[in-house]
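Now for the letters of each chain:
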Amino acid sequence: MSQYDRSVEADVDPDADPDVDADGDRSADHGDGDGDASLAHRTESRVLPADVFSTLGNDTRVAILRGLLELGADERAVSFTDLFERVDIDDSANFSYHLRQLTGHFIKRSDDGYAFRSPGRKVVSAIFTGSLTERAQLGFFPVDGSCYDCGGDLHGWYVDDALTIGCADCGAVQVSYPFPSGGLDDRTTEELLQAFHHYVRHHYCLAADGVCPECTGAVETTLRRDPDEDDLDLAVEHVCRRCNYRLRSTVGVTLLDHAETLVFHADRGVDLNTEPFWRFDWCVSDARTTVVSDDPLRVRLALPCAGDELRVLLDETCSVIETTVVE
């Protein structure tokens with residue numbers, strides 16, 4: 001369960017009329033309440049990626065963003081005067097110019113002053129927490145649990161912005177996933193692993209629910225046999241239609257937020273919300289996954305717990321068809 005991929009393929013004309021289609025015809029469908037209107041017409045404006053980097057590539061603008069953060073622009077609007085006094089610049093006209101470049105996409109302006117928009121807050125978080133500016137490494141450390149393949153001891157390590165948990169004996173990787181370096185700060189090893197569990201679990205549960213963890217766009221989920229880039233015989237592929245964000249995983253991971261799976265384990269004293277998912281072989285391998293039918297594709301997972309077993313049947317979109325408890 002180690003595949004992660006993301007790419008953006010967008011060619012956007014910022015001057016294009018959002019109500020005119022590719023053939024030059026003005027669209028007549030603007031959401032008349034019949035439930036079929038595309039939400040794409042609600043887009044007000046888009047900024048090209050190159051323009052975003054150009055806007056942020058200035059020390060004064062970065063200082064303005066930092067000033068907003070220090071003045072609490074998350075919770076309340078900051079006045080022009082307070083922000084100007086916070087930023088180390090003498091020329092108010094020059095300051096106003098740079099503030100205008102940020103206003104609209106990164107900052108919103110009201111009668112009370114200036115506050116962050118969501119993209120601005122994300123930029124601040126990425127810059128000033130070190131996600132974009134720092135590189136960290138963490139050597140091998142022991143991790144509770146055993147290898148799904150050989151039963152050997154587990155170790156974790158952090159290299160190239162990804163946290164990996166694997167077997168010290170056979171080398172099998174239980175999970176490897178990108179994790180912001182800020183997650184390593186001020187945490188014990190146990191706290192780090194718990195944070196990593198919640199972070200990865202949250203991303204996969206979002207994708208399984210059809211929501212892109214990166215841009216909140218619509219995600220399509222498909223079940224694939226013998227995927228080229230995995231060691232798994234069966235793998236789930238999540239692809240965002242908006243930003244092409246991709247996640248690949250075992251079938252079992254898609255059940256971490258499934259109500260009957262949660263209840264089955266909770267009734268037997270196991271909380272899947274807090275128990276690290278890499279301790280369950282059905283989450284990190286396909287050893288307990290069986291193909292029931294090829295056409296249409298149907299698979300069954302057998303989830304053991306406290307001597308009982310939950311059997312879950314899924315279709316080609318990883319939707320649960322039925323569940324059976326074998327005591």
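The residue numbers shown here count from 1 along each chain, following its written sequence. The model is predicted, so local features are restricted to residues of pLDDT at least 70 and side-chain atom pairs to those at 80 or more, both for listing and for counting; the totals for chains, interfaces and linings are taken over all residues. Hydrogens are left out, water is left out, and the side-chain values use all remaining heavy atoms of the structure.

If you look the protein chain up in an unreviewed UniProt entry, it shows as ArsR family transcriptional regulator from Halorubrum aidingense JCM 13560.

J.: Which parts of the structure should I look at to understand the pairing of strand S13 (residues 308-314)?
T.: Successive side chains on a regular strand alternate, one facing one side of the sheet and the next facing the other. Within S13, six of the seven residues are buried, which leaves the element mostly enclosed by the surrounding structure. Strand pairing requires that DSSP identify at least two bridges connecting the strands. The way it works is that DSSP assigns letters per residue, a run of H or I at least four long becomes a helix, a run of E at least two long becomes a strand, and they are numbered from the N terminus. Pairing between strand S12 (residues 297-305) and S13: seven bridges, direction antiparallel. Residue pairing for S13: Leu301 is matched across the bridge by Val312. Here six bridges tie S13 to strand S14 (residues 320-326), and the two strands are oriented antiparallel to one another. Considered in S14, the bridge of Val312 is made with Thr323. Between S13 and S14, which pair antiparallel and follow one another directly, the connecting turn spans five residues, one of which, Cys318, has a positive phi of 65°. Residue burial is assigned from relative accessible area. The probe radius is 1.4 Å, only protein chains are included, and a residue is buried under 20% of its type maximum, exposed over 50%, and partly exposed in between.

J.: Any chance you could explain empty space enclosed by the protein here in plain terms?
T.: Here a cavity denotes grid points, spaced 1 Å and computed from the protein atoms alone, that fit a 1.4 Å probe unable to get out, and a pocket denotes an open set having protein on both sides within 12 Å along at least 5 of 7 lines; residues with an atom within 4 Å of a point are the lining. Grid points are joined across faces, edges and corners, and a volume is the space filled by probe spheres set on the points. Under the defined criterion, the tally for this structure stands at one cavity of 30 Å³ or more. Its boundaries defined by the atoms lining it, the largest cavity holds a volume of some 50 Å³. Around the largest cavity, the lining residues are Val143, Asp144, Glu190, Leu193, Gln194, Pro276, Trp278 and Arg279. Counting residues per element, the lining of the largest cavity draws most heavily on helix H6 (residues 189-208), at three residues. By residue class, the composition of the lining of the largest cavity is four nonpolar, one polar and three charged. In this classification, the charged set is Asp, Glu, Lys and Arg, the nonpolar set is Ala, Val, Leu, Ile, Met, Phe, Trp, Tyr, Cys and Pro, and all remaining amino acids, among them Gly, are polar.

J.: What exactly am I supposed to notice about the pattern of salt bridges here?
T.: When charged atoms on two side chains of opposite charge get close, those side chains can pair. Definition used for salt bridges: Asp or Glu carboxyl oxygen within 4 Å of a side-chain nitrogen of Lys or Arg. Across all of its chains, the model carries 14 salt bridges by this definition. Two residues, Arg279 and Asp144, come together in a salt bridge whose shortest N-O distance is 4.0 Å. Taken together, the positions of Arg279 in the loop between helix H7 (259-266) and helix H8 (281-284) and Asp144 in strand S4 (residues 138-146) put the pair 135 residues apart, joining distant regions of the chain. Exposure remark for Arg279: the relative accessible area of 32% places this residue in the partly exposed category. In this structure, Glu237 engages Arg246 in a salt bridge whose closest nitrogen and oxygen atoms are separated by 4.0 Å. Taking relative accessible area as the criterion, Glu237 reaches 8% and is therefore assigned buried. A residue is classified by how much of its surface remains accessible, and Arg246, at 21% relative accessible area, is partly exposed. When salt bridges that share partners are traced, they join Arg224, Glu237, Arg246 and Arg248 into one network.

J.: Is there a simple way to think about unusual backbone geometry in this case?
T.: Peptide bonds are mostly trans, and most non-glycine residues show a negative phi. With omega at 0°, the peptide bond leading from Asp295 into Pro296 counts as cis. Mapped onto the fold, Pro296 is located in the loop between strand S11 (289-294) and S12. With phi around 65°, Asn244 is a residue other than glycine that occupies positive phi space. By the secondary structure assignment, Asn244 is in the loop between strand S9 (234-240) and strand S10 (246-249). With relative accessibility at 15%, the residue Asn244 sits in the buried group. In this structure, Cys318 is a non-glycine residue whose phi angle is positive, near 65°. Inspection of the secondary structure assignment puts Cys318 in the loop between S13 and S14.

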